[in-house]
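Notes for the structure review
Residues per chain are reported as follows:
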Number of protein chains: 2
Amino acid sequence: MRALTALSERSVPTVSSEELAAAAGVNSAKLRKDFSYLGSYGTRGVGYDVEYLVYQISRELGLTQDWPVVIVGIGNLGAALANYGGFASRGFRVAALIDADPAMAGKPVAGMPVQHTDELEKIIEENGVSIGVIATPAGAAQQVSERLIAAGVTSILNFAPTVLSVPDGVDVRKVDLSIELQILAFHEQRKAGEEAAAAAGSAGEPGTGAAESPAAPAASATATATATAAAAASGVRKGGPEGDVPAVMPA
Amino acid sequence: MRALTALSERSVPTVSSEELAAAAGVNSAKLRKDFSYLGSYGTRGVGYDVEYLVYQISRELGLTQDWPVVIVGIGNLGAALANYGGFASRGFRVAALIDADPAMAGKPVAGMPVQHTDELEKIIEENGVSIGVIATPAGAAQQVSERLIAAGVTSILNFAPTVLSVPDGVDVRKVDLSIELQILAFHEQRKAGEEAAAAAGSAGEPGTGAAESPAAPAASATATATATAAAAASGVRKGGPEGDVPAVMPA
DNA sequence: GACTGTGAATGCCTTCACAGCA
DNA sequence: TGCTGTGAAGGCATTCACAGTC
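Owing to the predicted nature of the structure, the values given are computational and were not obtained by experimental measurement.

Quick notes on the rules
- Residues numbered from 1 in each chain as written.
- Chains lettered and ligands numbered in written order.
- Predicted model: local features only at pLDDT ≥ 70, side-chain atom pairs only at ≥ 80, totals over all residues.
- Heavy atoms only, no water.
- Helix = DSSP H or I, 4+ residues; strand = E, 2+ residues; numbered from the N terminus.
- Buried < 20%, exposed > 50% of the residue type's maximum accessible area, 1.4 Å probe, protein only.
- Contact = heavy atoms within 4.5 Å.
- Axes fitted to C-alpha atoms, helices over the stretch in contact; angles between N-to-C directions.
- Parallel < 35°, antiparallel > 145°, perpendicular 65-115°, else oblique.
- Salt bridge = Lys/Arg side-chain N within 4 Å of Asp/Glu carboxyl O.
- UniProt positions renumbered as here; feature names shortened; annotations may be inferred.
- Pairing = 2+ DSSP bridges.
- Phe/Tyr/Trp six-rings, centres within 6.5 Å; stacked < 30°, edge-to-face > 60°.

Take the environment of valine 50 of chain B next. All names here are of chain B. As for its position among the elements, valine 50 is in helix H4 (residues 50–61). Taking relative accessible area as the criterion, valine 50 reaches 0% and is therefore assigned buried. For the pair formed by valine 50 and glycine 132, sequence separation is 82 residues and the distance between their alpha carbons is 32 Å. Residues in contact with valine 50, not counting those within four places in the same chain, are Leu4, Leu7, Ser8, Val12, Pro13, Thr14 and Val15.

Residue and element names in this part refer to chain B. For the pair helix H2 (residues 17–24) and helix H3 (residues 28–38), the least separation of the axes is 8 Å and the interaxial angle reads 105°. Judged by the angle between their axes, H2 and H3 are roughly perpendicular. Contact with H2, carried on its side by Ser17, Glu18, Leu20 and Ala21, involves Ser28, Leu31, Arg32 and Phe35 of H3 and no other residues of that element.

We now examine the pattern of salt bridges. The tally for this structure, following the rule as stated, stands at 18 salt bridges over all chains. Of the charged contacts in the structure, one is a salt bridge between arginine 190 of chain B and glutamate 60 of chain A, with a shortest N-O distance of 3.8 Å. In this pair, arginine 190 of chain B sits in helix H9 (residues 177–199) while glutamate 60 of chain A sits in helix H4 (residues 50–61), so the two residues belong to two different chains. Given the relative accessible area of 14%, glutamate 60 of chain A is considered buried. Aspartate 66 of chain A is the partner of arginine 93 of chain A in a salt bridge, and the nearest nitrogen-oxygen pair spans 3.1 Å. One end of the pair, arginine 93 of chain A, is in strand S5 (residues 92–99); the other, aspartate 66 of chain A, is in the loop between H4 and strand S4 (67–72), with 27 residues separating them in the sequence. The class of arginine 93 of chain A is partly exposed, set by a relative accessible area of 38%. Overlapping salt bridges bring together Asp171 of chain A together with Glu188 and Lys191 of chain B as one network.

When the UniProt feature table is mapped onto this chain numbering, "binding site: NAD(+)" (unreviewed entry) sits at Gly73, Ile74, Gly75, Asn76, Leu77 and Gly78 of chain A. Inspection of the secondary structure puts glycine 73 of chain A in the loop between S4 and helix H5 (76–83). Owing to a relative accessible area of 7%, glycine 73 of chain A belongs among the buried residues under this scheme. Position of leucine 77 of chain A relative to the elements: it lies in helix H5. When its relative accessible area of 15% is taken as the criterion, leucine 77 of chain A is described as buried. Those residues within four positions of leucine 77 of chain A in sequence are excluded, and the remaining contacts are Ala135 and Phe159 of chain A together with Leu77 and Ala80 of chain B.

Cross-referencing UniProt, the feature "domain: CoA-binding" (unreviewed entry) maps to residues 62–163 of chain A in the present numbering. Taken end to end, residues 62–163 of chain A is 29% helix and 28% strand, and its two terminal C-alpha atoms sit 27 Å from one another.

Once that is clear, we can look at the sheet that holds strand S7 (residues 112–116) of chain A. All names here are of chain A. With mixed pairing, 7 strands are arranged side by side in an open sheet as S6-S7-S5-S4-S8-S9-S10. In this open sheet, the two strands that pair with only one neighbour each are strand S6 (108–109) and strand S10 (171–174). In the sheet, S6 pairs with S7 via 2 bridges, with the strands oriented antiparallel. Bridged to valine 109 within S7 is methionine 112. Relative to the sheet, H5 contacts S4, S5, S6 and strand S8 (131–134), its axis offset from that of S4 by approximately 160°. The strands touched by helix H7 (residues 138–151) are S4, S8 and strand S9 (155–158); relative to S8, the strand with the most contacts, the crossing angle is about 165°.

A few words on the packing of aromatic side chains. What describes a pair of aromatic rings is the distance from one ring centre to the other and the angle between the planes of the rings. All names here are of chain A. Across all of its chains, the model carries 6 aromatic pairs over all chains by this definition. On the basis of an interplanar angle of 80° and a centroid distance of 5.3 Å, the ring pair of phenylalanine 35 and tyrosine 48 is categorised as edge-to-face. One end of the pair, phenylalanine 35, is in helix H3 (residues 28–38); the other, tyrosine 48, is in strand S3 (residues 47–49), with 13 residues separating them in the sequence. Arranged with centres 5.6 Å apart and planes meeting at 85°, the rings of tyrosine 41 and tyrosine 52 form a pair that is edge-to-face.

In structure tokens, the structure reads:
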């Protein structure tokens, strides 16, 4: 979708699966197959009409609707989210900013007055909000989520470093900013390991250094490693830090 | 790892693959197989020693090292990141906060004085920083990334809404906060569609509503849908908003 | 001639199921 | 007896390759 939008902004009229796949970094066959599950939106010998495809995929992704959201917890992060331009351009409308601090009430943030938590239920109901963003401290998050849900919210984006427990039917996505750093650090470590291995000549143990446990047999790439294990190990090693984002943990 | 840490904090001495798998929301066989790629860290008949496993996995993930990071762009988001407690507890040390605004220089944010962009190279080199966080406006991001890389940074966490183009060997992860909301909205839409379908009786088209294109055949679940297509389509429909995060796009 | 749409082939990840060990 | 470690089976996503269409 992001690749398509870029093409649309450059007023490119049509695009082949090959071109679009290259722009998005995927295989063209996969792209065609995926599109085929949504419908037959291309023209043989020509390609896909960019605008038409943008529309169809937007519709399928739910981007043609306007989603009102509330942001609860207007600290640094909440304010950053309120000011974040990406929301409005993707069909999200910040219906209200809510904070528990009475001193915040009425203060303008991102051109919008902060409202007090007391108003939470009223705001949700009047605006038909079904998506809430929690940017409160960890301690408040669970309680806020319960109030949001009781008022009718069914999807929550949680920035607080807590696992929320919610009833069935409510979706939660947890954003843990440090996990992104951890993924970078993981690859950074591998880079260092590979350099060391390369410098030491291509003889010994690859990369990461074996477990120093005296009893436990060394992990990967010993003589006893099976074909499957070796393949999996090399799989871990291949590629950059793209993809591979850990799933949300269950409540 | 998150599940393990929780056990460790509760001083649970050992855990079976079955228990840990349940806590993490995965299959126990998968968990055992994954661990087997790292080494044989368990005891048959007993389970895994929690502390030992924490240590081994931490080491494998690169969490035993201390990673100095710099945050460039101290607006709302940069300040939020600087104040984010999760970094320190996961082995990341904020070595410096950097901003291009001379008025910011010297101001304390998260108990640390903001430094001016002029100092960027010096800071990176003196602290041996290899991971940089970009929280600048979109316009500045590419240039900042180039200076970071020239100074020795090889991993970048990019919050700016731009695709960075970087040389080989440099890893970039882009965090797009609106994508998380889009994923929630996608599932939210499906919920609405399923309710509507359920209300309309279980007869007609499922969920999302068919393409309104007059010529193109309707997408999923028509009489002509192959077994493969049907399986894939239902795959899209199953489960909550967990996992399935889009990969980083290529430069 | 060019490019889509898709059956068939491929390969990988996941899961099963059980031998092996404490 | 209980649980790990792992070969083998299974299932699913990806990719190939080409018939079909413009």
